[in-house]
Amino acid sequence: SSRRARGFVVYAALRSLGRSGVRELVERCCALARRMADRLAAGGAEVLNEVALNQVLVRFTPPTGAGGSGDADAFTRAVMTRVQEGGEAWMGGTTWHGLGAIRISVSNWSTTEADIDRTADALLRAAGRQGATPPPVTDGSGTSPRTGS
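In short, a report on the structure.

Rules used in this analysis
Per-chain numbering applies: the sequence of each chain, read as written, is numbered from 1 onward. The predicted origin of the model limits local features to residues at a pLDDT of at least 70 and limits the giving and counting of side-chain atom pairs to 80 or more, whereas totals for whole chains, interfaces and linings rest on all residues. Side-chain metrics rest on all non-hydrogen atoms present in the structure, leaving aside hydrogens and water. A run of DSSP states H or I qualifies as a helix once it reaches four residues; a run of E qualifies as a strand once it reaches two. Both are numbered from the N-terminal end. When a residue's accessible area, from a 1.4 Å probe over protein chains only, is under 20% of the maximum for its type it is buried; when over 50% it is exposed; and in between it is partly exposed. When checking whether two residues touch, look at their non-hydrogen atoms; a contact exists if any pair is within 4.5 Å. Accessibility throughout is a Shrake-Rupley quantity obtained with a 1.4 Å probe, and a residue counts as covered only by protein chains that appear here. Side-chain atoms within 4.5 Å are what join buried Ala, Val, Leu, Ile, Met, Phe, Trp, Tyr and Cys residues into a set we call a nonpolar core. Ring geometry is summarised as follows: Phe, Tyr and Trp rings, the Trp one being its six-membered ring, pair when their centres sit within 6.5 Å, and such pairs are stacked at plane angles under 30 degrees, edge-to-face over 60 and tilted between the two. When DSSP finds two or more bridges between a pair of strands, those strands are recorded as paired. In the analysis that follows, any N or O atom pair within 3.5 Å is treated as a polar contact, provided that within protein one partner can donate a hydrogen and the other can accept it, and provided that, for residues neighboring in sequence, both atoms belong to side chains.

Quick word on the overall build of the protein
Consideration 1: Check the secondary structure of the protein and you find three helices and four strands.
Consideration 2: Burial analysis of the protein (149 residues in total) assigns 37% to the buried set.
Consideration 3: Across the protein, the fraction of contacts at a sequence separation of at least 24, relative to all contacts at a separation of at least 6, is 57%.
Consideration 4: Of the accessible surface of the protein, which amounts to about 8900 Å², a share of 52% is contributed by carbon and sulfur atoms.

Structural data, given as structure tokens:
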């Protein structure tokens with residue numbers, strides 16, 4: 001069964017990193033997700049969820065006067081497709097409470113603040129918005145610059 005194989009991955013991570021290492025990895029991914037949400041919100045995107053873990057749900061509305069239909073679901077899908085086709089990052093589309101959204105999961109151990117900033121900028125460019133001023137770089141501990149946690 002595949003359950004046994006998934007359990008082995010957890011066992012290997014705990015053996016390699018220890019409990020504190022796994023905790024630090026999870027906390028860092030959560031802090032990076034909050035950074036992504038902050039960057040996107042500052043650039044005019046609508047963050048749909050409270051970023052409590054490593055997931056960000058975001059949607060974009062078409063710029064006013066763009067001559068488009070104003071369909072935010074279609075525009076959000078188009079933004080996601082542009083970023084995927086550009087190769088900057090992979091994210092999935094979803095529907096949340098009836099709204100089309102992009103689901104961003106920060107889960108790779110090697111993801112950095114620079115990766116988050118570059119991906120946020122790619123999303124904002126794809127939506128026709130200028131990149132927002134980035135939050136200050138932390139001391140590497142994964143502490144969120146705004147919340148201190």
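Let's talk about the nonpolar core
Note on soluble globular proteins: their nonpolar side chains tend to be buried together.
Consideration 1: In this structure, L40, F60, I102, I104 and L123 are the most contacted members of the largest nonpolar core, which totals 27 residues.
Consideration 2: Taken together, the elements giving at least two residues each to this core come down to α1 (2–42), β2 (55–59), α2 (72–86), β4 (99–105) and α3 (113–126).
Consideration 3: Here L40 is in contact with A45, V58, F60, I104, A120, L123 and L124, once residues within four sequence places are set aside.

Looking at the packing of aromatic side chains
Consideration 1: Evaluation of the coordinates by the stated rule reveals one aromatic pair.
Consideration 2: With a centroid separation of 6.2 Å and an interplanar angle of 40°, the aromatic rings of F8 and Y11 are classed as tilted. Residue F8 and its partner Y11 are located together in helix α1, separated by three residues, close to a single helical turn.
Consideration 3: Here Y11 falls in the partly exposed class, since its relative accessible area comes to 47%.

With respect to the pairing of β2
Consideration 1: With four of five residues buried, β2 is to be regarded as a mostly interior element.
Consideration 2: In the sheet, strand β1 (residues 46–47) pairs with β2 via two bridges, with the strands oriented antiparallel. Across the sheet, residue V47 finds its bridge partner in β2, namely V58.
Consideration 3: The pairing of β2 with β4 spans four bridges and is classified as antiparallel. Its bridge partner being in β4, V58 is matched across the sheet by I102.

Section: the side chain of R39
Consideration 1: The topology assignment puts R39 in helix α1.
Consideration 2: Given a relative accessible area of 2%, R39 falls into the buried group.
Consideration 3: Of the polar contacts made by the side chain of R39, one reaches the side chain of D121; its length is 2.3 Å.

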